[in-house]
Every structure is written in C-alpha cells, then in structure tokens.
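So the chains spell out like this:
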Amino acid sequence: MHMKDLVSLRGAVLEGFLKGFRPDLIIIDRHATGIHGELEAALNRVRARRGARTVLGLREVLDSPKAALAEWDRLGGPGVVRKLFDEIWVYGDPSIHDPVAAGEIPFSLRGMIRYTGYLATGRSPGSVPTFMPAPFVMTTVGGGSDGRALAGIAARTRVPVGLRHLIVTGPQMPAPDLCHIRRLAAATGATVVANLDDVVGHLRQASAVVSMGGYNSVCEIMSTDIPALVVPREHSRAEQLIRARSLARDGYLQLHRIGTLTPQILADWLTQSVGTRVDRSRIGLNGLNRVPQLAADLLHPGPLIEVLPRPSRTTESAGRVAV
C-alpha cells in the first residue's frame, strides 16, 4: 500500500477502536498524533466530546535539542499538545536528566509534565530458570538490529578466569550477523543466544553487564546493583548517548563509546568491575508504581486514592485504559 493509504486505514481503525472501546484514559506513546498524524482526527473527536482523559507518555531523553525541537515543529508546535492532552508523563527522574532544561521539550509545556521516575523497579523475574550457571557476565544489545559491532567485540573478549560469558544478540539481529557473532564466540567460549525469556532474572544473577543504552535495557540494569558498562548507539539519534552520559555523570554506570572500544578494553573493565556493586537507590526508579497513581488521580481528582496491586473493584467499575 502507498503510505498515504496506509495512514488513512490506520487512522480509521484507531478511530473505530476508540469509539467502540470508549476508554476513560488514553495514553499515547512518544508520537503525539501518531507517526504520520494518523491519530490526530480521533483525538480531536475524543476531546470534543470530552469522552476520555488523554496523556502523552515520553521517555526521559528524546534526542539532541535541535532534533527534538524540529520534531515539535513538525507536529505543529506546543499548542497541538495543549489542545489534545491533559498531561505529559515523562518516564524518568529530572535530577538525572531534565528534558525541559535540556531543551528537548518546549518550556511552555512544563506545567503539563509529571515525572514518573524510571520504569525500573517492580519488574518481576519470570519463573524460567537462569540459563547460565553462575558466575557469569552478560552482554546484551537490546533488540539487536544494530548491535553487531558491540556483540562482535564482546564475542572476541576473553573474560576473567572462572567466569562464563552470555551474549544476548536480540530477536531482531539479522541472521547473517547472528551467525557471524557465533563464529567469533567459538574462539572465546562465549555462549550466544538470540533471546531470553527472563532478562531481568539473568541480570540479577550476573556479575557484570555490558549493554547498549536503550531505555528498556537501562531500566532493567537500574533495577539491579550490578556494575554496568553502557556502549550507546550514536547514529540516527543522540538519545542513547545523552542517557548514558547523564547516568554516568553520577556514577550509576560507566560509559564507553563504540569507536574506541576493543576486546582488551572490555576485558580490563570486566576484571576491574566483577565483584563490585553499585548503589542506585538515590534514583527515582519506581515509575511502575507511580504511573497507576497518576492515572487514578487524573481520572478521579480529589483526595489521594490508594492504588492496590490487585484492584478489589470489578473490571466494569475500574475504568478502561487504551495505550
């Protein structure tokens, strides 16, 4: 299909869904009106009939200020957001990175922002047994579509004696790249898997982790106290580099750029880091608990409402949320 037809079809499907589901709360992730504006008509109709509260959810880092402000301009400026949304939820801690002060979110929107803290603690490990016998170190490259360089360096790294090395390439790594990583790992004895059912559970058992700097990967790391070396993606967007710099500044992780990373540098870092622990308790990491509290307050303004882990109300009375 041509993009114009696809956008029109997607907009119609979303509008029909919102009309039929009739949510009480709509949370839009990252793109206020959809990737190509396909949500704008539906949101305008929702707002016109006052049928739901609406929230724009943003990661704590968007991009370089220049790139981020260009995106706001393409959207139509801050006025579009004020028209379509009740609040903006930023999934981060402003003491680590404040996107308004950094120039990534227009200053005129600051009054709409609620900081949730990172969506980190509260991620329960699954029931799947740990894939690797301890002690081991991990390298993970997120989804894997652009993780070949870091995974390749990790596969050629000889880890300290007595440790195993688990490399998670991600489900989106192209098959030829995955085969290449496995060939490199054969010489060092590293174990290479495309995916894990329980990443958090494995992280909690690992002695150290090497990772790219995507939001989900960083949140998973921040929910533990293991030492972390983050090697951010630097092409396309500056998001990962900004995030890694912000967290490295206060010692919550260490940063190394891919252009100067070598297997020997990585081996030296592992030797120095294994056996240490990192105190991350000063960061706001409880976003998974904060978000339902914000939702309850938005839907039922007034006295503080206690949000229970398992609501005692029936589904019919609890309110519908569309994300």
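Residues numbered from 1 in each chain as written. Predicted model: local features only at pLDDT ≥ 70, side-chain atom pairs only at ≥ 80, totals over all residues. Heavy atoms only, no water.

**Observations concerning a nonpolar patch on the surface**
Move 1: A cluster of nonpolar residues, Met1, Met3, Leu6, Leu9 and Val13, forms a patch on the protein surface that exposes about 520 Å² of accessible area.
Move 2: With respect to the helices, strands and loops of the structure, leucine 9 is situated in helix H1 (residues 3–21). (Patch = residues over 30% accessible without salt bridge, like charges linked within 9 Å, V, L, I, M, F, W, Y side chains within 5 Å. Areas by Shrake-Rupley, 256 points an atom, 1.4 Å probe, with all protein chains shown as cover. Salt bridge = Lys/Arg side-chain N within 4 Å of Asp/Glu carboxyl O. Helix = DSSP H or I, 4+ residues; strand = E, 2+ residues; numbered from the N terminus.)

**Let's talk about the sheet that holds strand E4 (residues 113–115)**
Move 1: In space, the five strands of this open sheet follow the order E4-E3-E2-E1-E11, with parallel pairing throughout. Among the strands making up the open sheet, the edge pair consists of E4 and strand E11 (321–322).
Move 2: Direction of pairing for strand E1 (residues 25–29) relative to strand E2 (residues 53–59): parallel, over a ladder of five bridges. Looking at E2, one finds that leucine 25 is bridged to arginine 53. (Pairing = 2+ DSSP bridges.)

**As for helix H5 (residues 148–155)**
Move 1: Taking burial as the measure, the eight residues of H5 include six buried ones, the bulk of the element.
Move 2: Among the residues of H5, those classed as buried are Leu150, Ala151, Gly152, Ile153, Ala154 and Ala155. (Buried < 20%, exposed > 50% of the residue type's maximum accessible area, 1.4 Å probe, protein only.)

**Let's talk about the pairing of E2**
Walk down a regular strand and you will see the side chains alternate between the two sheet faces.
Move 1: Along E2, five of the seven residues are buried, which leaves the element largely enclosed by surrounding structure.
Move 2: Considered for its hand, the β-α-β crossover made up of E1, helix H2 (residues 40–48) and E2 is right-handed.
Move 3: Looking at chain direction, E2 and strand E3 (residues 87–91) are connected through five bridges and run parallel. Each bridged residue has a counterpart across the sheet, and for valine 55 the counterpart in E3 is glutamate 87. (Right-handed = clockwise from strand over helix to strand, strands pointing away.)

**Some remarks on helix H10 (residues 263–273)**
Move 1: Those residues of H10 that sit buried are Pro263, Leu266, Ala267, Trp269, Leu270 and Ser273. Buried positions in H10, seen along its axis, are confined to an arc of 160° and lie on one side of it. Exposed and facing more than 90 degrees away from the buried side of H10 are Gln264, Thr271 and Gln272.
Move 2: Where H10 is buried, its residues touch strand E5 (136–140), H5, strand E8 (209–211), strand E9 (228–230) and strand E10 (254–255). (Arc of directions from axis to C-beta. Contact = heavy atoms within 4.5 Å.)

**Considering the packing of aromatic side chains**
Move 1: For the structure shown, the criterion picks out two aromatic pairs.
Move 2: Look at phenylalanine 17 and phenylalanine 21: their rings are 5.2 Å apart centre to centre, the planes differ by 15°, and that puts the pair in the stacked class. One end of the pair, phenylalanine 17, and the other, phenylalanine 21, are both in helix H1, four residues apart, so they sit about a helical turn from each other.
Move 3: The exposure class of phenylalanine 17 is partly exposed, given its relative accessible area of 40%.
Move 4: Judged by its relative accessible area of 26%, phenylalanine 21 is partly exposed.
Move 5: Residues tyrosine 118 and tyrosine 215 carry aromatic rings whose centres are separated by 6.2 Å and whose planes lie at 20° to one another, so their mutual orientation is stacked. Of this pair, tyrosine 118 sits in the loop between E4 and E5 while tyrosine 215 sits in helix H8 (residues 215–222), and the two are 97 residues apart along the sequence. The exposure classification of tyrosine 118 matches that of tyrosine 215, with both residues buried. (Phe/Tyr/Trp six-rings, centres within 6.5 Å; stacked < 30°, edge-to-face > 60°.)

**Overview of unusual backbone geometry**
The phi angle of most residues is negative, glycine excepted, and most peptide bonds adopt the trans form.
Move 1: The peptide bond linking alanine 134 to proline 135 adopts the cis configuration, its omega dihedral lying at 0°.
Move 2: Its place among the elements puts proline 135 in the loop between E4 and E5.
Move 3: With a phi angle near 70°, arginine 30 is a residue other than glycine that sits in the positive phi range.
Move 4: Checked against the element boundaries, arginine 30 lands in the loop between E1 and H2.
Move 5: Overall, the relative accessible area of 22% leaves arginine 30 in the partly exposed class.
Move 6: Phi is positive for serine 236, which is not a glycine, with a value near 75°.

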